[in-house]
Amino acid sequence: MLKPDPADPIVVTGTGIVGPLGVGVDAFWSRLIAGRSGIVRNNRFDTTGYAAHIAGLVPDKADDPDGFDPADHIDGKDIKKMDLFIQYAIAACAEALDQAGWHPQTDADRAATATVIGSGVGGSPVMARAVETIHAKGPRRLSPFTVPSFLANLAAGWLSIIHQFRGPIGTPVTACAASAQAIGDGMRLILTGEAEIAVVGGAEGSVDPISIGGFGASRALSTSYADAPEKASRPFDKGHDGFVLSEGAAVLVIEKLSHARARGARPLAVLAGYGTSADAYHLTAGSPDGAGAQVAMRNALAMAGLEPSQIDYVNAHATSTEVGDAAEVAGLRAVFSDRGKDLAVSSTKSATGHMLGAAGAAEAVIAIAALRHGIVPPTINLDDPTEDADHFDLVPNTAKARAMRYVLSNSFGFGGVNAALVFGQAPA
């Protein structure tokens, strides 16, 4: 197992986010700890006939001062060349790079910068519109940018081109663990010496007829709260009835502490450990005992050189599905067998919904903010917790002040993929 040097750990020097709670880490975080929800009625398309009528939509800047306007981040001539997930990635990346102060000007620094941006789906909205265009007008009416606007790796591609990053580039497409694995991949590239600094994260923009219809057909989506969207995402609560599909992007800048200090950058947190595994169990459901999740969590702890007793907070993957939440709780109770209400475990998907391939990176940004501010974000909509989950402090409905040294963030995806990340307090 690759392990960071304790004397020269990998640190996070920049974070950026676009999501249902707004654009920018400060706005997103303040709304999250205030217990606000980003779930609304889905107005992206006519949902008549669909099982789900709600979604976690990135707010439009015309309606919200902390909302999204692509023109704030992208040259007008390029906007039509990319689907939403790419646009979100560009905005989140710009924030992270500005905070990190990383705008390389030399060939050596550009070649030393890796770009790893995961996506669970890529540009399915463009694909859906392309099919409509073919049926209505014929294939000759398709834009020449159709394919590069939906390919999952084009978020990483655009970031590399815009910022002239010439180091390793990649795109995990591992469902809802994609961006957590992107962070882990970037960590490995630094540990092996293939990169000095890595721009890592994930992007998703798939609130579209294909995704809403497909997940609805599998009965995975919440359908009981159409008239009260903010109450729909209910991880660990007996009233949960499925997840809420959401969108957005999150990006982190990571590098060794020595590299950060040499250029005068301020570390936000330590990226201490990463673990990943496969369930080898089922296409869409995790093993009921959370066996694969246990392996990922234990590997992340081992890389970090930590015991379970040293984790102060877990940002759970918990999406608000009965089977998935129960499996994760089983895994947590096995790994943290000596813990109980002294361990804070919350699911911020209760406020954001499920950002699919961007979820892991978004929750990594949240975990870092929790460490920095000494505040555990709440699990909102938690009125009647399931007995198995109530073993831990689920931080119901209200954020809690708490000094934390280490936090763990979980991400699990279809196909049985598991990923866990451990973050620690930034060095003095």
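Residues numbered from 1 in each chain as written. Predicted model: local features only at pLDDT ≥ 70, side-chain atom pairs only at ≥ 80, totals over all residues. Heavy atoms only, no water.

A separate point is helix 11 (residues 291-304). In this model, helix 11 (14 residues) spans 20 Å end to end at C-alpha, consistent with the 20 Å of a helix rising 1.5 Å per residue. All of the buried residues in helix 11 are Gly 292, Ala 293, Gln 294, Ala 296, Met 297, Ala 300, Leu 301 and Met 303. Contacts from the buried residues of helix 11 go to helix 8 (178-191), strand 9 (269-278), helix 12 (322-335), strand 14 (406-413) and strand 15 (417-425). Looking one or two places after helix 11, you find Gly 305, whose phi comes out positive at around 70°. (Helix = DSSP H or I, 4+ residues; strand = E, 2+ residues; numbered from the N terminus. Expected span 1.5 Å × (residues − 1). Buried < 20%, exposed > 50% of the residue type's maximum accessible area, 1.4 Å probe, protein only. Contact = heavy atoms within 4.5 Å.)

As a further point, take the layout of surface pockets. Estimated volume of the largest pocket: approximately 660 Å³. In this structure, the largest pocket is lined by 39 residues; those nearest its centre are Thr 284, Ala 285, Thr 321, Gly 324 and Phe 414. Of the residues assigned to the lining of the largest pocket, the class counts are 14 nonpolar, 19 polar and six charged. For the lining of the second largest pocket, the elements supplying multiple residues, two or more each, are strand 3 (39-41) and helix 3 (84-100). (1 Å grid on protein atoms, 1.4 Å probe; cavity = no way out; pocket = protein on both sides within 12 Å on 5 of 7 lines; lining within 4 Å. Points joined across faces, edges and corners; volume = space filled by probe spheres on them. Nonpolar A, V, L, I, M, F, W, Y, C, P; charged D, E, K, R; others polar.)

Further remarks concern unusual backbone geometry. Despite not being glycine, Phe 236 shows a phi value in the positive range, around 70°. Note that Phe 236 resides in the loop between helix 9 (209-217) and strand 8 (248-256). Take Phe 236: its relative accessible area is 1%, and that puts it in the buried class. Of note in this structure, Asn 397 is not a glycine but carries a positive phi near 70°.

We now examine the pattern of salt bridges. In this structure the tally under the stated criterion is 18 salt bridges. Ionic pairing is found between Arg 44 and Glu 247, a salt bridge with its closest N-O pair at 2.7 Å. With Arg 44 in the loop between strand 3 and strand 4 (54-56) and Glu 247 in the loop between helix 9 and strand 8, this residue pair connects regions lying 203 residues apart in the sequence. A salt bridge links Asp 78 to Lys 77; the shortest N-O distance between them is 3.7 Å. (Salt bridge = Lys/Arg side-chain N within 4 Å of Asp/Glu carboxyl O.)

This paragraph deals with the pairing of strand 1 (residues 10-19). Working note: regular strand, side chains alternate between the two faces of the sheet. With 10 of 10 residues buried, strand 1 is to be regarded as a mostly interior element. Here eight bridges tie strand 1 to strand 8, and the two strands are oriented antiparallel to one another. When the bridges of strand 8 are listed, Val 18 appears paired with Ala 249. Bridging between strand 1 and strand 9 involves two bridges; their strand directions are antiparallel. Bridged to Val 11 within strand 9 is Val 270. With two bridges joining them, strand 1 and strand 2 (residues 22-23) adopt antiparallel strand pairing. Residue pairing in the sheet places Gly 19 in a bridge with Gly 22 of strand 2. Connecting strand 1 to the antiparallel partner strand 2 that follows it, the hairpin turn spans two residues. (Pairing = 2+ DSSP bridges.)

Turning to its location among the elements, His 354 is positioned in the loop between helix 13 (349-352) and helix 14 (359-373). For His 354, the residues in contact, after removing those within four places along its chain, are Cys 176, Phe 243, Val 244, Leu 245, Ser 246, His 317, Thr 319, Lys 349 and Ala 359.

What follows concerns the environment of Ala 217. You can see Ala 217 is positioned in helix 9. Residue class for Ala 217 comes out exposed when judged on its relative accessible area of 64%. For Ala 217 and Tyr 50, which are 167 residues apart along the polypeptide, the C-alpha to C-alpha distance reads 9.0 Å.

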